[in-house]
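Take a look at the letters that make up each chain.
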Amino acid sequence: MPLAAGDDAPAVTAPNQDGEAVTLAFEEPTVLYFYPKDDTPGCTIEATQFQRERETYRDAGVDVYGVSTDDVESHRSFCDAEGLEFDLLADPDAEIAEAFDVELRDGVTARTTFLLADGEVTAVYEGVDPDGHARDVLLDALDDGLVTLPE
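Just so it is clear, the model here is predicted, and its values are computed rather than measured.

What counts as what
- Position labels on residues start from 1 in each chain and follow its written sequence.
- With pLDDT at 70 or above as the cut-off, local features in this predicted model cover only qualifying residues; side-chain atom pairs require 80 or more to be listed or tallied, and sums for whole chains, interfaces and linings still use all residues.
- Note that the side-chain values use all heavy atoms of the structure and ignore hydrogens as well as water.
- Secondary structure elements are defined from DSSP: runs of H or I of at least 4 residues count as helices, runs of E of at least 2 residues count as strands, and each element is numbered from the N terminus.
- In this treatment the radius of gyration is a C-alpha quantity, and the globule benchmark scales as 2.2 Å times the residue count to the 0.38 power.
- Each residue gets one of three labels from its accessible area relative to the maximum for its type: buried under 20%, exposed over 50%, partly exposed in between, using a 1.4 Å probe on protein chains only.
- Residues count as neighbours in contact if any of their non-hydrogen atoms are within 4.5 Å of one another.
- The charge count includes Lys and Arg as positive and Asp and Glu as negative, but it does not include His or the ends of the chains.
- Charged side chains are reduced to one point each, which is NZ for Lys, CZ for Arg, CG for Asp and CD for Glu.
- Under the pairing criterion, centres of Phe, Tyr and Trp rings, with the six-membered ring standing for Trp, must be within 6.5 Å; the plane angle then separates stacked pairs below 30 degrees from edge-to-face pairs above 60, leaving the rest tilted.
- Two cysteine sulfurs form a disulfide in these notes if their separation is within 2.5 Å.
- To form a nonpolar core, buried Ala, Val, Leu, Ile, Met, Phe, Trp, Tyr and Cys residues must be joined to one another through side-chain atoms within 4.5 Å.
- What goes into a patch is any residue over 30% in relative accessible area without a salt bridge, connected to like charges within 9 Å or, for nonpolar side chains (Val, Leu, Ile, Met, Phe, Trp, Tyr), within 5 Å.
- The Shrake-Rupley method, run with a 1.4 Å probe sphere, supplies the accessible areas, and residue values consider only the shown protein chains as cover.
- By convention in these notes, a salt bridge is any Lys or Arg side-chain nitrogen within 4 Å of a carboxyl oxygen on Asp or Glu.
- Two kinds of site are reported from a 1 Å grid over the protein atoms alone, namely cavities, where a 1.4 Å probe fits but cannot get out, and pockets, open sets with protein on both sides within 12 Å along at least five of seven lines, and residues are called lining when an atom falls within 4 Å of a point.
- Grid points are joined across faces, edges and corners, and a volume is the space filled by probe spheres set on the points.
- In the scheme used here, Gly and all other residues not listed as nonpolar or charged are polar, with Ala, Val, Leu, Ile, Met, Phe, Trp, Tyr, Cys and Pro taken as nonpolar and Asp, Glu, Lys and Arg as charged.

Chemist: Before we go on, may I ask you to explain the overall build of the protein chain in this structure?
Modeler: Looking only at helices and strands, the protein chain has 5 helices and 9 strands in total. For the protein chain, the sequential pattern of α-helices and β-strands runs β-β-β-α-α-β-α-β-α-β-β-β-β-α. In terms of C-alpha radius of gyration, the protein chain reaches 14 Å, essentially the compact-globule figure of 15 Å for 151 residues. Its C-alpha atoms give the protein chain principal-axis dimensions of about 40 × 30 × 30 Å. Counting the 151 residues in the protein chain, one finds 48% classified as buried. Considering only intrachain contacts with a sequence separation of at least 6, the fraction spanning at least 24 residues in the protein chain is 68%. Of the side chains in the protein chain, 8 bear a positive and 37 a negative charge, and the two mean positions are spaced by 7 Å.

And the structure:
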């Protein structure tokens, strides 16, 4: 069972698609979405929709990060192929997945998304349909008053 709303968010560090170490403490509103595998149909839909919503997320003050057990090179290739401009964190040893209690199936993470702020989990989405998920998470963050869009 993954971490739940109200749980403290663990600080994590992992390399992004450029091999740069990224440390997240989740003080600012953040979406951390776990997905099974780079360059697969559902994961491509989810990633490209987060990319499409990227500017609106940024306007609302929300950072977005994807995480899978793929390595840095796989993430780099996926970002290049799909024009992704947000960080994908490489978690080949499933340390981030373990920190968030995300289920592993055959060595890949179950599709699970966390909305985090002020160092804690504010919402969890399990078994999501990738199509429309990026918009749904953003709308929930707005509806819950976690973030606002500038006028």
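Chemist: Teacher, can you tell me more about the packing of aromatic side chains here?
Modeler: The geometry of two aromatic rings is summed up by the distance between their centres and the angle between their planes. Scanning the entire structure with this criterion turns up 9 aromatic pairs. Geometrically, the ring pair formed by Tyr-33 and Phe-50 is stacked, given 4.5 Å between the ring centres and 15° between the ring planes. In this pair, Tyr-33 is assigned in strand 3 (residues 30-34) and Phe-50 in helix 1 (residues 41-52), connecting sequence segments 17 residues apart. On the accessibility criterion, Tyr-33 (0% relative accessible area) is buried. With relative accessibility at 1%, the residue Phe-50 sits in the buried group. Within the aromatic cluster, the residues linked to one another by ring pairs are Tyr-33, Tyr-35, Phe-50, Tyr-57, Phe-78 and Phe-86.

Chemist: Looking at this model, I keep getting lost on the environment of Ser-77. Mind explaining?
Modeler: With respect to the element layout, Ser-77 can be found in helix 3 (residues 72-82). Considered as a pair, Ser-77 and Asp-129 are 52 residues apart in the sequence and their alpha carbons are 24 Å apart.

Chemist: Before we go on, may I ask you to explain the state of the cysteines in this structure?
Modeler: Taken as a whole and assessed by the stated rule, the structure comprises 0 disulfides. In this structure Cys-43 is a free cysteine whose sulfur lies 13 Å from that of Cys-79, the closest cysteine sulfur available. On the basis of relative accessibility, which here comes to 2%, the residue Cys-43 falls in the buried class. Using a relative accessible area of 5% as the deciding quantity, one classes Cys-79 as buried.

Chemist: Whenever I open this one, the nonpolar core confuses me. Can you help?
Modeler: For soluble globular proteins, the rule of thumb is that nonpolar side chains tend to be buried together. The biggest cluster of nonpolar side chains holds 24 residues, and the ones touching the most others in it are Val-31, Tyr-33, Phe-50, Tyr-57 and Leu-88. Put simply, the parts of the chain that give this core at least two residues each are strand 3, helix 1, helix 2 (54-60), helix 3, strand 9 (120-126) and helix 5 (133-143). Here the element with the most residues in this core is helix 5; it accounts for 4 residues. Ranked by size, the runner-up nonpolar core spans 20 residues in total, among them Phe-26, Phe-100, Val-102 and Leu-116.

Chemist: Got a minute to help me understand a negative patch on the surface in this structure?
Modeler: On the surface, Asp-7, Asp-8, Glu-27, Glu-28, Asp-63, Asp-93, Glu-95, Glu-98, Asp-101, Asp-118 and Glu-120 cluster together into a negatively charged patch. Looking at the element boundaries, Asp-8 is found in the segment before strand 1 (12-15).

Chemist: What should I look at first to understand the layout of surface pockets in this one?
Modeler: Unfilled space is identified by rolling a water-sized probe across the atoms. Roughly 200 Å³ of volume is contained in the largest pocket. Along the walls of the largest pocket sit Phe-50, Arg-54, Tyr-57, Arg-58, Gly-61, Val-62, Asp-63, Val-64, Tyr-65, Glu-85, Phe-86 and Asp-87, which together make up its complete lining. Those elements giving two or more residues to the lining of the largest pocket turn out to be helix 2 and strand 4 (63-68). Partitioning the lining of the largest pocket into residue classes produces 6 nonpolar, 1 polar and 5 charged.

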